[in-house]
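# Results of the structural survey
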Amino acid sequence: MIQHTIVFKVKSNATYQAIQEAMEQMISLKDKLPSILHIAAGECQFHDERSKAFFEESISHAISIDFENEEALTQFFTKLIAYPAKGSMVNIAEGGMDRIVGFEFMHLEKTD
């Protein structure tokens, strides 16, 4: 499994409705790309003031997507069906695509 995480800060002038629609469109990709195992999206919550102070300037929202494998991740990046959802996210992001950060990591199995 590969987990892809996207973090960004929402524009100060983005409406609540635009934010909700963008998050819902991203979540709806699970029904459109069968290789998505799980997807969650929403506003970031920070567990302590130090974390909040560090991230608050650049991150307000995140999306986490679990993919079956690398091919599934590639489909997310290349399939046209995902473009409208990703576009709605870019539209609400401060700085657009240039300020959205995405990264992946593979879950490792415990070995004895």
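This text goes with the structure placed above it.
Residues numbered from 1 in each chain as written. Predicted model: local features only at pLDDT ≥ 70, side-chain atom pairs only at ≥ 80, totals over all residues. Heavy atoms only, no water.

### Some remarks on the side chain of Ser35
This is how the line gets drawn: Starting at the N terminus, helices and strands are each numbered in turn, a helix being any DSSP run of H or I of at least four residues and a strand any DSSP run of E of at least two. Here, residues are in contact when the closest pair of their heavy atoms is within 4.5 Å.
Relative to the helices and strands, Ser35 resides in the loop between helix H2 (29-32) and strand E2 (36-43). Ser35 has contacts with Asp66, Phe67, Glu68, Ala72 and Gln75, leaving out every residue within four places of it along the chain.

### Concerning a nonpolar patch on the surface
The condition that has to hold: Note that patches include only residues with greater than 30% relative accessible area and no salt bridge, and the join distances are 9 Å for like charges and 5 Å for nonpolar side chains (Val, Leu, Ile, Met, Phe, Trp, Tyr). For the area figures, the Shrake-Rupley method with a 1.4 Å probe applies, and any residue is considered shielded solely by the protein chains shown. A pair is scored as a salt bridge if a Lys or Arg side-chain nitrogen falls within 4 Å of a carboxyl oxygen belonging to Asp or Glu. Residue burial is assigned from relative accessible area. The probe radius is 1.4 Å, only protein chains are included, and a residue is buried under 20% of its type maximum, exposed over 50%, and partly exposed in between.
A cluster of nonpolar side chains, Val101, Phe103 and Phe105, forms an exposed patch at the surface whose accessible area comes to about 260 Å². Considering the arrangement of structural elements, one finds Phe103 in strand E4 (residues 101-106). We classify Phe103 as partly exposed; its relative accessible area is 40%.

### Examining helix H5 (residues 83-92)
Counting along an α-helix, one turn takes 3.6 residues, and residues three or four places apart therefore face a common direction. Test applied: Directions drawn from the helix axis to the C-beta atoms are what define this arc.
When we look at burial in H5, the residues that qualify are Ala85, Lys86, Ser88, Met89 and Ile92. Buried residues in H5, looked at end-on, bunch into an arc of 155 degrees, giving them a common side. Within H5, the exposed residues directed more than 90 degrees away from the buried face are Pro84 and Asn91. Residues of H5 that are buried sit in contact with strand E1 (2-8), helix H1 (16-27), H2, strand E3 (61-67) and helix H4 (70-78).

### Concerning the packing of aromatic side chains
Rules: The rule is short: rings of Phe, Tyr and Trp, with Trp giving its six-membered ring, pair when the centres are within 6.5 Å, and they are stacked under 30 degrees, edge-to-face over 60, tilted in between. Charge-over-ring contacts are defined here by two conditions on Lys NZ or Arg CZ: a distance within 6 Å of the ring centre and an angle within 35 degrees of the ring normal.
Enumeration over the complete set of coordinates arrives at two aromatic pairs. With a centroid separation of 5.6 Å and an interplanar angle of 50 degrees, the aromatic rings of Phe67 and Phe76 are classed as tilted. Among the residues examined, Phe67 registers a relative accessible area of 0% and is labelled buried. A residue is classified by how much of its surface remains accessible, and Phe76, at 1% relative accessible area, is buried. With 5.5 Å between their ring centres and 55 degrees between their planes, Phe76 and Phe77 make a pair best called tilted. Through a chain of ring-to-ring contacts, three or more aromatic side chains come together here, namely Phe67, Phe76 and Phe77. In this arrangement the basic side chain of Lys86 is found over the ring face of Phe76, its NZ or CZ atom lying 4.8 Å from the centre.

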